[in-house]
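Here are the chains, one letter per residue:
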Amino acid sequence: MSKKKQDLVDHAESLFYNYGIHAIGLKRIVTEANVALMTMYNHFESKEDLVLEVLKQREERYFDLLRSHVKTSDNQALSIAQAHSEWLQSSRQNGCMFLRAKEEYSDPAHPINTYVVAHKEALLAFVKKENFNHEDAMRLVLLLEGATSLAEVVDVDEVATQLQSMVTTTIGE
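Below: a short report on this structure. Owing to the predicted nature of the structure, the values given are computational and were not obtained by experimental measurement. (Residues numbered from 1 in each chain as written. Predicted model: local features only at pLDDT ≥ 70, side-chain atom pairs only at ≥ 80, totals over all residues. Heavy atoms only, no water.)

Attention now goes to the pattern of salt bridges. Working definition: two side chains of opposite charge can pair if their charged atoms are close together. Applying the stated criterion across every chain yields a total of seven salt bridges. For Glu 13, the salt bridge identified is with Arg 58, shortest N-O distance 2.5 Å. Within this pair, whereas Glu 13 is found in helix H1 (residues 3–19), its partner Arg 58 is found in helix H4 (residues 47–71), the two being separated by 45 residues in sequence. Close ionic contact of Arg 28 with Glu 32 constitutes a salt bridge, the shortest N to O distance being 3.1 Å. Of this pair, Arg 28 and Glu 32 both sit in helix H2 (residues 26–33), four residues apart, which is roughly one turn of that helix. Residue Glu 32 is classed as partly exposed on the basis of its relative accessible area of 37%. Among the charged side chains, a salt-bridge network with shared partners connects Glu 13, Arg 58 and Arg 61. (Salt bridge = Lys/Arg side-chain N within 4 Å of Asp/Glu carboxyl O. Helix = DSSP H or I, 4+ residues; strand = E, 2+ residues; numbered from the N terminus. Buried < 20%, exposed > 50% of the residue type's maximum accessible area, 1.4 Å probe, protein only.)

This is the structure we're talking about:
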């Protein structure tokens, strides 16, 4: 990926996460990325294409983090919770960017909406792949999603501590 394209994606992600997708116009993104509007259109056909690329890269980073923790642990549930806690602690507490995007693109047939649904399904599938039965996978994903939501309004370190404690007592291994 070219440096300019990556700059667009990085600045768009930050702006979308901090202010919302519809609140940010392309002019602000290209200004902050220090590229011309035409450069943006050379890489993305529309703002929605840019949003999808932001979500794809964010998803890739998130799953890379989960995989890196799972590889090095005997307690998969706790390692997933620790990775998720690390993710929450490394970002501002504005909740789940995927669910926020789904709210802004609420039409179930919209590609952004369907991508978000697929992302949540992929998270559940990832957990199941780590040898969790359906019920434990659902419990773990519910705890992760709840922690993300609560981290918007409660100290993220406290949320992380409680998440890991609940995973240990609820799912264990």
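Still to come is the rest of the account.
Topologically, Ser 85 is positioned in helix H5 (residues 76–90). Residues Ser 85 and Val 159, 74 residues apart in the sequence, show an inter-C-alpha distance of 8.0 Å. Once residues lying within four places of it in the same chain are set aside, the contact partners of Ser 85 are Ala 160, Leu 163 and Gln 164. A polar atom in the side chain of Ser 85 sits 3.0 Å from the side chain of Gln 164. (Contact = heavy atoms within 4.5 Å. Polar contact = N/O pair within 3.5 Å; in protein donor to acceptor, adjacent residues only side chain to side chain.)

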